[in-house]
Each structure stands twice: as structure tokens, then as C-alpha cells.
Amino acid sequence: MQYDRTAKSEREDPYVNDLVRPNIGAQFRRRRLGHFPDAPAYTRYRQIYDRAMAGLPPYDGFQDVPTGFGTVRAYRFGSDGAGAGTPLLLLPGRTASTPMWAPNLTGLRARGRVVYAIDLLGEPGLSVQSRPFASAADHAVWLAELLAGLGLDRTHLLGVSIGGWTAFRLALTLRKGSPP
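Residues numbered from 1 in each chain as written. Predicted model: local features only at pLDDT ≥ 70, side-chain atom pairs only at ≥ 80, totals over all residues. Heavy atoms only, no water.

Chemist: Outline the environment of Gly164, listing residues and values.
Modeler: With respect to the helices and strands, the residue Gly164 is situated in helix H5 (residues 162–175). On the accessibility criterion, Gly164 (23% relative accessible area) is partly exposed. In this structure the C-alpha to C-alpha distance between Gly164 and Gly93, which are 71 residues apart in sequence, comes to 7.7 Å. (Helix = DSSP H or I, 4+ residues; strand = E, 2+ residues; numbered from the N terminus. Buried < 20%, exposed > 50% of the residue type's maximum accessible area, 1.4 Å probe, protein only.)

Now the structure itself:
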């Protein structure tokens, strides 16, 4: 698992890689993909997002994890304790992203576990959707692929709104015994 460990103040735009660029423009709406309406909207969003991220506890790094539905931005926050507990993955709500967890991150990290926070596919954030969701089961698929890409074979999931629903879809799929 490789994370960008560059100091926050030294990081440049993480979208310098041509493989992961934000969806900008109406052509993405026609394809039913999460997107920003235009470049100025994306620029405004990034300024606000970056300010909000600067207010979070320091993260160890981030990883862009490819899935069949797009690339998911995942941030890893080390624990304040030994880090031996089961990792926790945070899934934000509709029209939210990683910064929404600001009031909770310090307390969650203090419980001796590593915490991952992601930006959901199709929602505002730095994840980039490349394929539309055709069914509820598709949400279980991309989440399972994300967990595999992060190397998490065991984790606790905590989601709000659509994030909780996405975690539920994965749990339901796994309970039925069929892989997502």
C-alpha cells in the first residue's frame, strides 16, 4: 500500500497524473457520472475542500484506489494509540466528503485504531466516477473493490446517509454469501 507522505504544505495538486482527473462539464452529466459543472466550479470547490482538509488532524497520506466504477480517494489517519485495533473506514453522506468528519476524527483515532476516510464515488470530493451505477448492488461492488485495494480484509464501516446505505449494501451482499 503506497501513500503520498509529502508534507501537506509541500503537496501540489494531486491530479497531476493524467489517469485521475476530475469530471468537469455537461458530458459527464449525460453519462450519469458525478461531475463539476465547469472549471470555475471545480476551482472554487477545491479551494474550500483544501481549507477544510487543513483543519483536520494530520493524515499519514492518501491513496487513489482504482475500482470498476472509478478511482476512490482514501485518506489514512494513524491512531493516537498503538494502532492495533480493527481499522475503521468512514463513508460520508450525500454531497459531503472527508472534511465532514472533522469533529469526530480525533476521538476515533484515540481509540487505538487506524481510520480511513474516503470521498464517495459520484459525490463531491476527489474521487472520480468513470462508470454509472446501474443498480444498488453496484455500490457493494465498488466498496468491496476499495477495501481490497486498501488491503483491508477486516474493517469496521461507519457511514452517514448514503455512506451508511453503501455499507449496508455491502453487508447485505456478503450476508447472502455472494461476492459483490
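Read on, since the account is not over.
Chemist: Give me the packing of helix H4 (residues 136–149) against H5: which residues, what numbers.
Modeler: The interhelical angle for the contact between H4 and H5, taken along N-to-C directions, is 90 degrees, at an axis separation of 8 Å. What the angle tells us is that H4 and H5 run roughly perpendicular. Of H5, the residues touching H4 (which contributes Ala136, Ala137, His139, Ala140, Trp142, Leu143, Ala144 and Leu147) are Trp165, Thr166, Ala167, Arg169, Leu170 and Thr173. Across the contact of H4 with H5, the residue classes break down as ten nonpolar, three polar and one charged. (Axes fitted to C-alpha atoms, helices over the stretch in contact; angles between N-to-C directions. Parallel < 35°, antiparallel > 145°, perpendicular 65-115°, else oblique. Contact = heavy atoms within 4.5 Å. Nonpolar A, V, L, I, M, F, W, Y, C, P; charged D, E, K, R; others polar.)

Chemist: Account for the pairing of strand S1 (residues 61–67), naming residues and giving values.
Modeler: In terms of burial, S1 is largely enclosed, as five of its seven residues are buried. Judged from the seven bridges that link them, S1 and strand S2 (residues 70–77) form a sheet pairing that is antiparallel. Bridging across to S2, Val65 finds its partner in Val72. Turn length for the S1-S2 hairpin, with the two strands adjacent in sequence and antiparallel, is two residues. (Pairing = 2+ DSSP bridges.)

Chemist: Run through the pattern of salt bridges, naming residues and quoting values.
Modeler: The final tally for this structure, using the stated rule, is four salt bridges. Of the charged contacts, one joins Arg46 and Asp50 as a salt bridge, the two residues approaching to 3.3 Å between their closest N and O atoms. Linking Arg46 with Asp50, this pair stays in helix H2 (residues 39–54), spanning four residues, or about one helical turn. For Asp60, the salt bridge goes to Arg76, with nearest N and O atoms at 2.3 Å. Residue Asp60 is located in the loop between H2 and S1, and its partner Arg76 is located in strand S2; the two are separated by 16 residues in the primary sequence. (Salt bridge = Lys/Arg side-chain N within 4 Å of Asp/Glu carboxyl O.)

Chemist: Explain the nonpolar core to me, and be specific about the residues and the numbers.
Modeler: Counting residues in each nonpolar core, the largest one holds 23 residues, and the members touching the most others are Leu89, Leu91, Ile118, Trp142, Leu143, Leu146 and Leu150. Elements with a contribution of two residues or more to this core: S2, strand S3 (88–91), strand S4 (115–118), H4 and H5. No other element matches the six residues that H4 contributes to this core. Not counting residues within four places of it along the chain, the set of residues in contact with Leu143 comprises Leu89, Leu91, Leu157, Thr166, Ala167 and Leu170. (Core = buried A, V, L, I, M, F, W, Y, C linked by side-chain atoms within 4.5 Å.)

In short, the description is geometric, and any link to function would need to be established separately.
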